[in-house]
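So the chains spell out like this:
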Amino acid sequence: MPAEWAREIERQFNVEARMLPGKEIPGYNAKIPYILLALHELLVAKGGRDAEGIFRLAPDRDQCAEAKNDIDNGRLIGSQARRDASNRIIFDYNVHVVA
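Note that the coordinates shown come from a computational prediction; the quantities given were computed from them, not determined experimentally.

Colleague: Hey, could you run me through the overall build of the protein in this one?
Modeller: Within the protein one finds four helices and two strands. Scanning the protein from its N terminus toward the C terminus, one meets helices and strands in the order α-β-β-α-α-α. When the accessible area of the protein is evaluated, it comes to approximately 7,100 Å², of which 48% is carbon and sulfur surface.

Below, the structure written as structure tokens:
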């Protein structure tokens, strides 16, 4: 994992990146934290690759706080994650919140 990613993870999650549960991905020296994989999946599923200003436009503040609460309380990954009939993660926030 690039050093700048690790620093950002530590800042966002208040824990060292190596302490987060993760998955080995070919081409990376360290495991990628599951939370980053889940957020990537959601970003793609919500059309983030085609969204205008995906990292430039600020998300709704209240939705962002709710999303962080969902993540902090295990509703994004793990046994508490809400999933649809196809086992895809349900995350009812717009693409700018996911980004």
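Colleague: In this structure, what is going on with the side chain of H96? I would like to understand it.
Modeller: Mapped onto the elements, H96 comes out in helix 4 (residues 95–98). A relative accessible area of 17% places H96 in the buried class. The residues touching H96, leaving out its near neighbours within four places in the chain, are E52, G53, I54, L57 and P59.

Colleague: Please explain helix 3 (residues 61–72) as it appears in this structure.
Modeller: The periodicity of an α-helix, 3.6 residues per turn, causes residues three or four positions apart to be oriented the same way. The end-to-end C-alpha distance of helix 3, which contains 12 residues, comes to 16 Å, matching closely the 16 Å that a straight helix rising 1.5 Å per residue would cover. Between the side-chain oxygen at the start of helix 3 and the backbone nitrogen of D62 there is a gap of 3.1 Å, and the oxygen is on D60. Positive backbone phi, at 75°, marks G74, one or two positions downstream of helix 3.

Colleague: In this structure, what is going on with the environment of A51? I would like to understand it.
Modeller: Among the secondary structure elements, A51 is positioned in the loop between helix 2 (34–45) and helix 3. Each C-alpha atom of the pair A51 and H96 lies 8.5 Å from the other, and the pair is 45 residues apart in sequence.

Colleague: Help me understand the nonpolar core, please; the structure alone is not making it clear to me.
Modeller: Core analysis: the largest hydrophobic core is formed by nine residues, namely I35, A38, L39, L42, L43, I54, L76, V95 and V98. Those elements giving two or more residues to this core turn out to be helix 2 and helix 4. Per-element tally for this core: the top contributor is helix 2, with five residues.

Colleague: When you look at the environment of A38 in this model, what are you seeing that I'm missing?
Modeller: Mapped onto the elements, A38 comes out in helix 2. On the basis of relative accessible area, A38 is assigned to the buried category, the value being 5%. Distance from A38 to V98, taken between C-alpha atoms, is 9.9 Å for residues 60 residues apart in sequence.

The rules behind each value
All residue numbers refer to positions counted from 1 along the written sequence of the respective chain. Side-chain atom pairs in this predicted model are given and counted only at pLDDT of 80 or more, local residue features only at pLDDT of at least 70, and totals for whole chains, interfaces and linings cover all residues. Side-chain measures were taken over the full set of non-hydrogen atoms in the model, leaving aside hydrogen atoms and water. Runs of E in the DSSP output that reach at least two residues are strands. Runs of H or I that reach at least four are helices, and both are numbered from the N terminus. The accessible surface values rely on the Shrake-Rupley method and a 1.4 Å probe; as for residues, cover is taken only from the protein chains in view. Three exposure classes are used, based on accessible area relative to the maximum for each residue type with a 1.4 Å probe and protein chains only: buried under 20%, partly exposed in between, and exposed over 50%. What makes two residues a contact is simply this: any of their non-hydrogen atoms within 4.5 Å. Expected span, for any helix, means 1.5 Å times one less than how many residues it has. Polar contact is defined as a pair of N or O atoms within 3.5 Å, subject to the rule that within protein one atom must be able to donate a hydrogen and the other to accept it, and that residues adjacent in sequence are counted only when both atoms are side-chain atoms. Within this scheme, the nonpolar core is defined by two criteria: the residues are buried Ala, Val, Leu, Ile, Met, Phe, Trp, Tyr or Cys, and they are joined through side-chain atoms within 4.5 Å.

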